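Descriptive structure summary
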Amino acid sequence: MRMYDIILKKKKGEMLTKEEIHFFIEGYTNGSIPDYQVSALLMAIYFQKMNKEETVYLTEAMMHSGKMIDLSSIEGIKVDKHSTGGVGDKTTIALAPMVAACGIPVAKMSGRGLGHTGGTIDKLESIPGFCVEMTKETFINNVNEIKLAIGGQTANLAPADKKLYALRDVTATVDNLSLIASSIMSKKLASGADAIVLDVKTGSGAFMQDIDEAFLLAKEMVDIGQSVGKDTVAIVTDMNQPLGYAVGNSLEVKEAVQLLEGKGPEDLEQICITLGAYMLILAKKVGTEYEGKRLMKAAIDSGEALKVLKGFIERQGGDISCIENLDLLPQAQEIYPLKASESGYIHKIKGDIVGVSALTLGAGRDTKDSEIDLSVGILLNKKIGDYVEKGEVLAYIYNNDAVKRDLAIEQLLTAYEIEDTQPEYRPLIFGIVT
Ligand code: URA
């Protein structure tokens, strides 16, 4: 088999066979096929597309390119959750203990992430001492004993995807549905879960800005999951403004804890309760969304989820006094109130711009070696649909550097659209794809 012939075939719009896809993925992973040939194939895939069968073959080839995590020694059905990413998305920190409090094992591999703010692990590392490094035995024991552990993704998890994603990034071939779906699902499937709930976000702060595209991506990923025998459900949710009010690592941990204390923002609560309900359905704990939501709410109201969160943080070395007193989490030196320059209803708080502004403050990574400032970020004071008077606070800027703060303010102001009339209602959850 020759890579040249595979590129030519796809260039002509023909379907690649399973053997051809495995050949290219194996060759690319072991270095025998060079970047320039894979770049050419990616561009051919970009224009000619892949059908469902090819997408499944690509997912399987990437998922087997490294180590498959074996979670079989954990009792029960392990349901994983994945979000396609958004600004202020601290869902995992609240949702994982909510689901664990219902007796369902949550064995999660999370990432650090390049982007506006850190990934789930960076956020959790705002808690002094918290650590994701542990042996496989400790990870499994923790899940068996307290139903929850969060580990870091190992370098050997779907390494083909890692290489391919980096190449797509520099060859303008990221935004192809088959390539995105296979990339996400190869990592999820290699992580060993029995079933998967996907949160596919759409809107200004999301990867998929267009709602129809988000539904297509959701369907593509659900089909991949089902075709390899894993129950998969996707929920398409709004990311036209940040989720909750907090954007920034320790600010987001604080907000997730507040949710478990029964004082969380409504949108974050609704998303956690809905995602959790589907996790309980896939774990066969409940038969309906209604019943799942009831259990999720009860996990908050009874304080059980908060108890699980504290137990999990303690097991992973974190100082739980910071959870009992949230003021002990890393604090920024200055909290600057950003005031509205006009009165009116808020129509837009463009998520991508809020994200860039948080990045300017130091909440995220520009490159994979950048240092994150865990204490900085943005705390919104108003959300879409709220009325704001001229001079009222739109958001608080948590910062440690006046130069960065001033640039962040300049950026953040462009995120807002304020008008005289009330905006149209936009749902938070657009639909469920099964
Ligand atoms: N996230 C991924 O992991 N892969 C993609 O291709 C896009 C988003």
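Residues numbered from 1 in each chain as written. Predicted model: local features only at pLDDT ≥ 70, side-chain atom pairs only at ≥ 80, totals over all residues. Heavy atoms only, no water.

This is how it is decided: UniProt positions are given in the numbering used here, feature names are shortened, and annotations may be inferred rather than shown by experiment.
The chain carries the name Pyrimidine-nucleoside phosphorylase in an unreviewed UniProt entry, which gives Clostridium aceticum as its organism. Database annotation for the chain, UniProt heading Cofactor (unreviewed entry): "K(+)". Recorded in UniProt for the chain, the comment headed Function (unreviewed entry) runs: "Catalyzes phosphorolysis of the pyrimidine nucleosides uridine, thymidine and 2'-deoxyuridine with the formation of the corresponding pyrimidine base and ribose-1-phosphate."

1. Here's the deal with the packing of aromatic side chains
The description of an aromatic ring pair rests on the distance of the ring centres and on the angle between the ring planes. Keep this limit in mind: Two rings from Phe, Tyr or Trp (for Trp, the six-membered ring) form a pair when their centres sit within 6.5 Å of each other. Planes less than 30 degrees apart are called stacked, planes more than 60 degrees apart edge-to-face, and all others tilted. Numbered from the N terminus, helices here are DSSP runs of H or I no shorter than four residues, and strands are runs of E no shorter than two. Residue burial is assigned from relative accessible area. The probe radius is 1.4 Å, only protein chains are included, and a residue is buried under 20% of its type maximum, exposed over 50%, and partly exposed in between. For a lysine, the NZ atom is tested; for an arginine, the CZ atom; a charge sits over a ring if that atom is within 6 Å of the ring centre and within 35 degrees of the ring normal.
Considering all chains together, one arrives at three aromatic pairs under this definition. Judged by centre distance (5.3 Å) and plane angle (85°), the ring pair of Tyr 46 and Phe 47 falls under edge-to-face. With a centroid separation of 5.6 Å and an interplanar angle of 65°, the aromatic rings of Phe 130 and Phe 312 are classed as edge-to-face. Note that Phe 130 is positioned in the loop between helix H6 (120–124) and helix H7 (136–146) and Phe 312 in helix H14 (residues 304–315), a separation of 182 residues in sequence. Assigned by exposure class, Phe 130 and Phe 312 land together as buried. It is Lys 163 that lies over the ring of Tyr 28; its NZ or CZ is 4.5 Å from the centre. Over the ring of Tyr 245 we find Lys 383, and its NZ or CZ is 5.3 Å from the ring centre.

2. Here's the deal with the sheet that holds strand S10 (residues 387–388)
Filter applied, for reference: Between any two strands, at least two bridges found by DSSP are needed for them to pair.
Here we have three strands laid out as an open sheet, ordered S10-S8-S12, and antiparallel in their pairing. Since the sheet does not close on itself, it has two edges, and those belong to S10 and strand S12 (416–419), each with one partner. With two bridges joining them, strand S8 (residues 344–349) and S10 adopt antiparallel strand pairing. When the sheet's bridge partners are listed, Gly 344 is paired in S10 with Val 388.

3. A closer look at the site of the ligand
Defined as follows: Being near a molecule or strand, for a residue, means having at least one of its heavy atoms within 4 Å of it. Polar contact is the term for a pair of N or O atoms within 3.5 Å; when the atoms are in protein, one must be able to donate a hydrogen and the other to accept it, and sequence-neighboring residues count only if both atoms are side-chain atoms. All accessible-area figures derive from a Shrake-Rupley calculation using a 1.4 Å probe, and residue coverage is judged against the displayed protein chains alone. All amino acids are sorted into three groups, where Ala, Val, Leu, Ile, Met, Phe, Trp, Tyr, Cys and Pro are nonpolar, Asp, Glu, Lys and Arg are charged, and the leftover types, Gly among them, are polar.
Every residue close to the ligand is listed here: Tyr 165, Arg 168, Ile 180, Ser 183, Ile 184, Lys 187 and Phe 207. Measuring from an oxygen atom of the ligand, one finds a side-chain N or O atom of Lys 187 at 2.5 Å. For the ligand, whose free accessible area comes to 240 Å², the fraction covered by protein is 88%. Per-element accounting of the shell around the ligand gives the leading share, four residues, to helix H9 (residues 177–190). Residue composition of the shell around the ligand, by class: four nonpolar, one polar and two charged.

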